[in-house]
Amino acid sequence: MNVLITPVTIWAVLMLLSLPALLMLASTRAIVDPRRTALETFGFLRRRHEERERRQNEAVAAERYAGEVTVAADRATLAAQRWHESWQQAEETAGLAWQRWQDAEQQVARARAGAAFRPAWSLRTPSEYADRERFLLRTVHAAVDRGDLPGDALTAIAFDARLHPVEQEFAIARAVAAYRQQVCRDAQIAEQTAWHDAELALAARDSLRIEAGEATVRAAVLTRYLPRRDSQVAPVRERRWVQQTA
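> Explanation requested: the overall build of the protein in the structure shown.
Helix and strand counts for the protein stand at six helices and two strands. Considering the protein as a whole, with its 246 residues, one finds that 23% of them fall into the buried category. Counting contacts in the protein only where the partners sit at least 6 residues apart, residues at least 24 apart contribute 78% of the total. Surface exposure of the protein reaches about 18,400 Å², of which carbon and sulfur atoms provide 59%.

As structure tokens, then:
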């Protein structure tokens, strides 16, 4: 059984085989030194083939890199958006902490005025001291529940349970103001850190966007050197068999 070969295939093979000879005949030097001319001709064809492969590899690499850096730029855009939202939240938290600190300072001023009009000193009884201690504990616990004092306020802050309730309120108000001031400072530091991180994320996003644009332009310039998509998979041709009979 024989395989039928199309005429087009035959002519293509003949043209490919005769191409070096045609190039040699086109040069007058081929008559004087045919061996050298043949070597130069085949060397030219080899260099041309290598250059074409180099261009193809460069085009493929440029296309791949453009795709990768574009994906990185898209991810950087999402990251920059999340960092910006985190900074906005930190900014709102810092603003709220500052306002609560100012409110605590105003409460100190009112408590100071009230303490100025406390009752005159009189003989204290054990029952009255017990009431004052219960008042202090109740007031401090309420401040802790509101978030105006830390959880360890009773042990970390030296409150005097023997003071009159008006004086105790003044001492607690000052402790609240001091705690709120510290919370405000911490929130401001956190806001500055979040702003710095958001600026870094924004710079990374802009840098990757520029790099992605440049890579896309370079890949577009080299597109003509890309191998044909359909050439990577050879088509399956139908084979026709001719059975010869004896």
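Here the narrative resumes.
> For this particular structure, what's the right way to read the pattern of salt bridges?
Any two side chains of opposite charge can pair, so long as their charged atoms come close to each other. Following the criterion strictly, the structure yields nine salt bridges and no others. Taking the shortest distance from any N to any O, the salt bridge between Arg100 and Asp148 comes out at 3.4 Å. Of this pair, Arg100 sits in helix H3 (residues 34-115) while Asp148 sits in the loop between helix H4 (126-146) and helix H5 (153-156), and the two are 48 residues apart along the sequence. Among the salt bridges present, the one from Asp160 reaches Arg162, with a minimum N-O distance of 3.1 Å.

> What is the right way to read the side chain of Glu191 from this model?
Relative to the elements of secondary structure, Glu191 occurs in helix H6 (residues 165-221). For the buried Glu191, no salt bridge exists, and the shortest N-O distance to an oppositely charged side chain is 14 Å, to Arg185. Filtering out sequence-adjacent residues up to four positions away, Glu191 remains in contact with Trp87, Ala90, Glu91 and Ala94.

> Would you mind showing me how to read the nonpolar core here?
Considering soluble globular proteins, one finds that nonpolar side chains tend to be buried as a cluster. The biggest cluster of nonpolar side chains holds 17 residues, and the ones touching the most others in it are Val140, Leu149, Phe159, Ile172 and Val176. Every element with two or more residues in this core is listed here: H3, H4 and H6. In terms of residues, this core owes the most to one element, H6, which gives seven residues. The contact partners of Val176, leaving out residues within four places of it in the chain, are Ala104, Ala143, Asp148 and Leu149. Grouped together as the second largest cluster of nonpolar side chains are 10 residues, Ala59, Ala66, Ala215 and Leu226 included.

> Just to check I follow, could you spell out the packing of H4 against H6 for this structure?
Packed helices, taken two at a time, are described by the angle their axes make and the gap between the axes. Where H4 meets H6, the closest approach of the two axes is 10 Å, and the angle between their N-to-C directions is 25°. Between H4 and H6, the angle is such that the two are roughly parallel. The handedness of the crossing between H4 and H6 is right-handed. The segment H4 lies against H6, with Arg132, Phe135, Leu136, Thr139, Val140, Ala143 and Arg146 engaging Pro165, Gln168, Glu169, Ile172, Val176 and Arg180. In terms of residue class, the contact of H4 with H6 is made up of seven nonpolar, two polar and four charged.

> How should I be thinking about H4 in this particular structure?
An α-helix turns once every 3.6 residues. As a result, residues three or four positions apart point the same way. Its 21 residues place the ends of H4 30 Å apart at the C-alpha level, agreeing with the 30 Å of an ideal helix rising 1.5 Å per residue. Every buried residue of H4 is accounted for by Arg132, Phe135, Leu136, Val140 and Ala143. Down the axis of H4, the smallest arc covering the buried residues is 120°, so these residues share one side. Counted as exposed and oriented over 90 degrees from the buried face of H4: Pro126, Arg138 and Asp145. Elements that come into contact with the buried residues of H4 comprise H5 and H6. Positive phi shows up at Gly147, right after H4, with a value of about 85°.

Conventions adopted
- Residues numbered from 1 in each chain as written.
- Predicted model: local features only at pLDDT ≥ 70, side-chain atom pairs only at ≥ 80, totals over all residues.
- Heavy atoms only, no water.
- Helix = DSSP H or I, 4+ residues; strand = E, 2+ residues; numbered from the N terminus.
- Buried < 20%, exposed > 50% of the residue type's maximum accessible area, 1.4 Å probe, protein only.
- Contact = heavy atoms within 4.5 Å.
- Areas by Shrake-Rupley, 256 points an atom, 1.4 Å probe, with all protein chains shown as cover.
- Salt bridge = Lys/Arg side-chain N within 4 Å of Asp/Glu carboxyl O.
- Lys, Arg positive; Asp, Glu negative; His and termini not counted.
- Core = buried A, V, L, I, M, F, W, Y, C linked by side-chain atoms within 4.5 Å.
- Axes fitted to C-alpha atoms, helices over the stretch in contact; angles between N-to-C directions.
- Parallel < 35°, antiparallel > 145°, perpendicular 65-115°, else oblique.
- Left-handed = near helix turned anticlockwise from the far one by under 90°.
- Nonpolar A, V, L, I, M, F, W, Y, C, P; charged D, E, K, R; others polar.
- Expected span 1.5 Å × (residues − 1).
- Arc of directions from axis to C-beta.

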